[in-house]
Amino acid sequence: MSLPTIKHVRAFFMGGATAKNKGQGGGDYHDQGGGHWIDDHIATPMSKYKEYEQSRQSFGINVLGTLVVEVEASDGTTGFAISTAGEIGCFIVENHLSRFIEGKRVDDIKLIHDQMINSTHYYSGGGGVVMNTISCVDLALWDLFGKVLGQPVYSLLGGAVRDEIKFYATGSRPDLAKEMGFIGGKMPTQWGPHDGDAGIRREVERIKDMREKVGPDFWLMWDCWMSQDVNYAVKLAHACAPYNLKWIEESFPAAQYDNYAELKRQVPAGVMVSTGEHHGNLAAFRTLSETGIDIMQPDVGWCGGITTLLEIAAIAKSRGQLVVPHGSSVYSHHAVITFTNTPFSEFLMTSPKADTIRPQFDPILLGEPVPENGRISKETLTKPGFGVELNRDIALERPYTH
Ligand SMILES: C[C@H](O)[C@H](O)CC(=O)C(=O)O
Ligand SMILES: [Mg+2]
């Protein structure tokens, strides 16, 4: 079979600071409307400023919006992907990355990936919005390759190692997640070091209350979204260990590797340490792995795409660490079903009250599978590429062309 070449790459956005339509969700899942659990007094590095404590949108968590990258092959097949990069991502794709994509064969994914990474070192800082954009292109290329071959991405990666993926749910209502069949629930912390011991006491009340609701065995975890210091994180882990806290996640900003190593040394036996969703390149994951944390959590839409995620999973595997990607729906599912060191995965609740199952990237994808009884089966993932289509009813803007 002779493979087609890539004829066009196009970049669109919705949501974010400059968009006409905002607050609908999509690839930037923090870009939700009012009254959503995901924006309700969650502890962040900005919480120490009173005016930014109640809402993450108040400090701009949703300014980027959704980036959509579409790639069209010479035989007319199209692939696409979404991530969080919005209008800035469109600029980077159309004005810079397009030169490495158009004209290449649809299986030139590693070559294009290497050229995108190396040509942007001078302004990417090894991560951030540039890496979100590169990830989005990489995912679109895997989608196109799968659609050209008529195969799901997981088959292109070497095939599934399990028949289904089991999920824990991230949201404000682990008790409801348990009823929906999930294996665990991860809640955001709401208080931080600036709240002192009162903050710890409030979190203990929350986990105690939730433990009573879910019984002894259901997993409960804290997501701390970079809001803590070592002293606070250690104290919180010890205070919550009696309530069978399974892991403490992302206590510190990405670059604080020494703090992760120290937290790992000081947590009580049985409480795991995890992080990774804001680490934006392969070398960062090597350093992170060396801290000895238990679970690495790359976001496939932010870390360099599937191409980098495979390399991160290999680093983790070499140390016996788990790689449990930050919830990214189909883009994670097709990878993790092929990883021996991902025994479970994350489902991020995007329904406003975390009381129903809404597809994570709703409304931008058509056919986005959701867990049933906390599980997604291999059979659900057999459509070509990532098995989803772009919802063309959503108004997308294309601010740049080339
Ligand atoms: C709930 C967290 O603050 C964040 O919005 C999502 C996240 O970090 C995770 O799913 O993990
Ligand atoms: Mg997290």
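Worth saying up front: this structure is predicted, and the values here are computed from it rather than measured. (Residues numbered from 1 in each chain as written. Chains lettered and ligands numbered in written order. Predicted model: local features only at pLDDT ≥ 70, side-chain atom pairs only at ≥ 80, totals over all residues. Heavy atoms only, no water.)

Caption draft 1: Quick peek at the coordination of the magnesium ion (ligand 2). At the metal site, the magnesium ion (ligand 2) is ligated by D223 (OD), E249 (OE) and E277 (OE), and these contacts range over 2.0 to 2.1 Å. Coordination of the magnesium ion (ligand 2) draws on donor residues from a single chain, spaced D-x25-E-x27-E in sequence. Separated by 28 residues along the polypeptide, E249 in strand β7 (residues 245-249) and E277 in the loop between β8 (272-275) and α9 (282-290) bring together distant segments of the chain. As far as burial versus exposure is concerned, E249 and E277 are alike and both buried. (Donors = N, O, S within 2.8 Å, 3.2 Å for Na, K, Ca; no water. Helix = DSSP H or I, 4+ residues; strand = E, 2+ residues; numbered from the N terminus. Buried < 20%, exposed > 50% of the residue type's maximum accessible area, 1.4 Å probe, protein only.)

Caption draft 2: Region of interest: the pattern of salt bridges. Summed over the entire model, instances satisfying the criterion amount to 23 salt bridges. With its nearest N and O atoms 2.8 Å apart, the salt bridge here joins K186 to E249. Placement of the pair is K186 in strand β5 (residues 184-188) and E249 in strand β7, with a sequence separation of 63 residues. With a relative accessible area of 1%, K186 lands in the buried category. Residue R206 is joined to E203 by a salt bridge in which the shortest nitrogen-to-oxygen separation is 2.8 Å. Of the two residues, R206 and E203 both sit in helix α6 (residues 196-214), three residues apart, roughly one turn of that helix. Each member of the salt-bridge network shares a partner with another, and the members are K7, R10, E70, E72 and R392. (Salt bridge = Lys/Arg side-chain N within 4 Å of Asp/Glu carboxyl O.)

Caption draft 3: View of helix α11 (residues 329-336). Among the eight residues of α11, eight are classified as buried, and the element is accordingly described as predominantly covered. For α11, every residue scored as buried is listed here: S329, V330, Y331, S332, H333, H334, A335 and V336.

Caption draft 4: Summary view of the UniProt feature "site: Transition state stabilizer" (unreviewed entry) in the protein. Under the local residue numbering, the UniProt record ascribes the feature "site: Transition state stabilizer" (unreviewed entry) to E346. Relative to the assigned elements, E346 resides in strand β11 (residues 345-348). The exposure class assigned to E346 is buried, which follows from its relative accessible area of 4%. Among the polar contacts made by the side chain of E346, one reaches the side chain of T170 at a distance of 2.5 Å. (UniProt positions renumbered as here; feature names shortened; annotations may be inferred. Polar contact = N/O pair within 3.5 Å; in protein donor to acceptor, adjacent residues only side chain to side chain.)

Caption draft 5: Geometry of the nonpolar core. The biggest cluster of nonpolar side chains holds 115 residues, and the ones touching the most others in it are I101, I248, Y331, I364, L365 and F386. Among the elements that take part in this core, helix α3 (residues 128-149) stands out by supplying twelve residues, more than any other. Domain assignment of the residues forming this core places at least three in each of domain 1 (3-27 + 63-149) and domain 2 (154-382). When near neighbours in sequence (up to four residues on either side) are disregarded, F386 contacts L139, W142, D143, V153, I306, V330, Y331 and H334. M221, W247, I295 and V324 belong to the second-largest nonpolar core, a separate cluster that totals eight residues. (Core = buried A, V, L, I, M, F, W, Y, C linked by side-chain atoms within 4.5 Å. Domains from an automatic or database assignment. Contact = heavy atoms within 4.5 Å.)

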